[in-house]
Amino acid sequence: MTAAGRKNPSSRARALADRHAARTVALTFDPHPSVVLAPAHAPAMLTSLARRLELFAEAGVDAVVVEPFTRALADIPAAGFVDDIVLGALRARAIVVGYNFSYGQGGAGNTDSLRDHAGAVGVEVAIVPPVTVDGDIASSTRIRHHLRAGELGRVERMLGRRWDVDGVVVHGAERGRAIGVPTANIAPDLDLAIAPGIYAVTLAVDGGPAMPAVASLGTNPTFVEQGKLVLEVHVLDWAGDLYDRRVRTTFVARLRDELKFSSVDALIAQIHQDIADARPLLAP
């Protein structure tokens, strides 16, 4: 199935819920299972839990169950997971899962066993087929790959929206203000899956309208290598105090790699060029 022809899984769930006079309920885990099972290989999250819940609500889901993922949960056999949690605790009358869904101890359960198990007690199982975008099967793994490559257009087509990250504005070194380009230093809610660089973005403050901006994600090599990545955002044609405010940075396009400049003047000239490059990309 291609992206153009895909049917929203929440729409399938809604149709099944209406047929069975039931509610649509999403079951999600926190933390990500790999954080518990293989922490050294846990991937960067694409959304925080709060943003995930917001997206579920936007999709029209009636309720979300956030199941704490623990070693004890991981050790439940596949049949027990279905009987105790899906059919028992959630009292599912129909189930919607992705084509590669697995469950139970060691991932022993799959869509075939789920259909057999649930079908034996009259519970319908709908399987969402893979969706291809630009020849790739859409998945969190591919989205992370495209984020690291700066391919934001592909990310948007896979997600069906632009990728964003929430956070809080904190105090920084205030170098931007000193050179005439004030920036908001943002402490993001999660480790960023996107590659370092300079981006055209929008910034929304406390759920307000999205304002055009330019973001730098990097280590500020022209001044001093900080070792850790810092997200700084300059809002175009705007002035004000953003300290301690909740903000959402939405990534629109990658402008360039982060560079180390020979002088502060050269950096300032490039920043103004970045702003000029970003304007047409952010125009309404």
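Located above this text is the structure these notes cover.
Structure report, in brief. Keep in mind that what you see is a predicted model, and the values were worked out from it rather than measured.

Quick word on the packing of helix α7 (residues 140–148) against helix α8 (residues 152–159)
Then, in step 1: Between α7 and α8, the shortest axis-to-axis distance is 8 Å and the interhelical angle comes to 155°. Classified by the angle between their axes, α7 and α8 sit roughly antiparallel to one another. Every pair of crossing elements has a handedness; the one defined by α7 and α8 is left-handed. From α7, Arg142, Ile143, His146 and Leu147 reach across to α8, where they touch Leu152, Arg154, Val155, Met158 and Leu159.
Then, in step 2: For the contact of α7 with α8, a count of residues per class yields 6 nonpolar, 1 polar and 2 charged.

Notes on the nonpolar core
Then, in step 1: Leu147, Trp163, Ile194, Leu231 and Phe251 are the most contacted members of the largest nonpolar core, which totals 32 residues.
Then, in step 2: At the level of elements, α7, α8, β7 (164–170), β8 (184–188), β9 (197–205), β10 (210–218), β11 (230–235) and β12 (246–256) are the ones that each hand at least two residues to this core.
Then, in step 3: With 18 residues, the next largest nonpolar core counts Leu73, Val82, Ile85 and Leu114 among its residues.

Concerning a nonpolar patch on the surface
Then, in step 1: Residues Phe223, Val224 and Val264 make up a contiguous nonpolar surface patch of roughly 210 Å² in combined accessible area.
Then, in step 2: Tracing the backbone shows Phe223 in the loop between β10 and β11.
Then, in step 3: When its relative accessible area of 33% is taken as the criterion, Phe223 is described as partly exposed.

Considerations on the packing of aromatic side chains
Then, in step 1: Counted by the stated rule, this structure contains 6 aromatic pairs.
Then, in step 2: With a centroid separation of 6.5 Å and an interplanar angle of 45°, the aromatic rings of Phe29 and Phe81 are classed as tilted. Remark: Phe81 occurs in helix α5 (residues 78–89) and Phe29 occurs in strand β1 (residues 25–30); sequence separation between them is 52 residues.
Then, in step 3: Residue class for Phe29 comes out partly exposed when judged on its relative accessible area of 22%.
Then, in step 4: With centroids separated by 5.9 Å and ring planes inclined at 35°, the aromatic side chains of Phe81 and Tyr103 adopt a geometry described as tilted. With Phe81 in helix α5 and Tyr103 in the loop between β3 (94–98) and α6 (111–119), the pair connects residues that are 22 residues apart, well separated along the chain. Each member of the pair, Phe81 as well as Tyr103, carries the same accessibility label: buried.
Then, in step 5: Through a chain of ring-to-ring contacts, three or more aromatic side chains come together here, namely Phe29, Phe69, Phe81, Phe101 and Tyr103.

A short note on the environment of Thr219
Then, in step 1: Position of Thr219 relative to the elements: it lies in the loop between β10 and β11.
Then, in step 2: Assessed through its relative accessible area of 13%, Thr219 is described here as buried.
Then, in step 3: For the pair Thr219 and Val230, spaced 11 residues apart in sequence, the C-alpha separation works out to 6.1 Å.

Regarding the side chain of Ser34
Then, in step 1: With respect to the helices and strands, Ser34 occurs in helix α2 (residues 33–37).
Then, in step 2: Apart from the residues within four sequence positions on either side, Ser34 is in contact with Pro39, Ala42 and Pro43.

Rules used throughout
Residues numbered from 1 in each chain as written. Predicted model: local features only at pLDDT ≥ 70, side-chain atom pairs only at ≥ 80, totals over all residues. Heavy atoms only, no water. Axes fitted to C-alpha atoms, helices over the stretch in contact; angles between N-to-C directions. Helix = DSSP H or I, 4+ residues; strand = E, 2+ residues; numbered from the N terminus. Parallel < 35°, antiparallel > 145°, perpendicular 65-115°, else oblique. Left-handed = near helix turned anticlockwise from the far one by under 90°. Contact = heavy atoms within 4.5 Å. Nonpolar A, V, L, I, M, F, W, Y, C, P; charged D, E, K, R; others polar. Core = buried A, V, L, I, M, F, W, Y, C linked by side-chain atoms within 4.5 Å. Buried < 20%, exposed > 50% of the residue type's maximum accessible area, 1.4 Å probe, protein only. Patch = residues over 30% accessible without salt bridge, like charges linked within 9 Å, V, L, I, M, F, W, Y side chains within 5 Å. Areas by Shrake-Rupley, 256 points an atom, 1.4 Å probe, with all protein chains shown as cover. Salt bridge = Lys/Arg side-chain N within 4 Å of Asp/Glu carboxyl O. Phe/Tyr/Trp six-rings, centres within 6.5 Å; stacked < 30°, edge-to-face > 60°.

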